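# Analysis of the macromolecular model
Chain by chain, the residues:
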Amino acid sequence: KSISYVTEDNNFGMVKITPNPFNEETIINLRPQVNTFVKLYLTDINGKTLKILANEFLETNTNYNFKLYKNNLSSGIYFLIIDYNNTQKSIKLIIN
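Let me begin by describing the structure that accompanies this report. As a convention, each chain's residues are numbered from 1 in the sequence order in which they are written. Only residues with pLDDT of at least 70 get local features here, since the model is predicted, and only at 80 or more are side-chain atom pairs given and counted; chain-wide, interface and lining totals rely on the full set of residues. As a rule here, side-chain values cover all heavy atoms of the structure and leave hydrogens and water aside.

### Remarks on the pattern of salt bridges
- Should a side-chain nitrogen of Lys or Arg be within 4 Å of a carboxyl oxygen of Asp or Glu, the pair is scored as a salt bridge. Under the defined criterion, the tally for this structure stands at 1 salt bridge.
- The residue lysine 67 makes a salt bridge to glutamate 25 at a minimum N-O spacing of 3.7 Å. Residue lysine 67 is found in strand β6 (residues 64-69), and its partner glutamate 25 is found in strand β3 (residues 25-32); the two are separated by 42 residues along the sequence.
- Looking at lysine 67, the relative accessible area reads 43%, which means it is partly exposed. In this description a helix means any DSSP run of H or I spanning at least four residues, a strand means any run of E spanning at least two, and both kinds are numbered starting from the N terminus. Accessible area is worked out with a 1.4 Å probe on protein chains only. A residue is then buried under 20% of its type maximum, exposed over 50%, and partly exposed in between.

This is the structure in structure tokens:
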């Protein structure tokens, strides 16, 4: 069974993660409602950056898809950080 995380943020826009939890890979879909520079990265539970998925300018009302692969990550809890307009949004990810 595939479970998704979906949220609409008034300051950022839509964020969808499918699936979460995941085994091998998950897709992160972002649709910003304003033009903004975004840094998208994965941290462990201690806040250590493990992977940078994006560090780029995203345009309003455009869908962007980023794949996150398990690779050498252990099973457990991680956090996806969306850093935009001097704001950070944190989303819990679970790797089985």
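### What to know about the packing of aromatic side chains
- Geometry of aromatic contacts follows a simple scheme: Phe, Tyr and Trp rings, the Trp one being its six-membered ring, pair when their centres are within 6.5 Å, and the pair is stacked under 30 degrees between planes, edge-to-face over 60, tilted otherwise. Overall, the coordinates contain 1 aromatic pair when judged by the stated rule.
- On the numbers, 4.8 Å between centres and 55° between planes, the contact of phenylalanine 12 with tyrosine 84 is tilted. Here tyrosine 84 lies in strand β7 (residues 76-84) and phenylalanine 12 lies in the loop between β1 (5-9) and β2 (13-18), a separation of 72 residues in the sequence. Neither residue differs from the other here; phenylalanine 12 and tyrosine 84 are each classed as buried.

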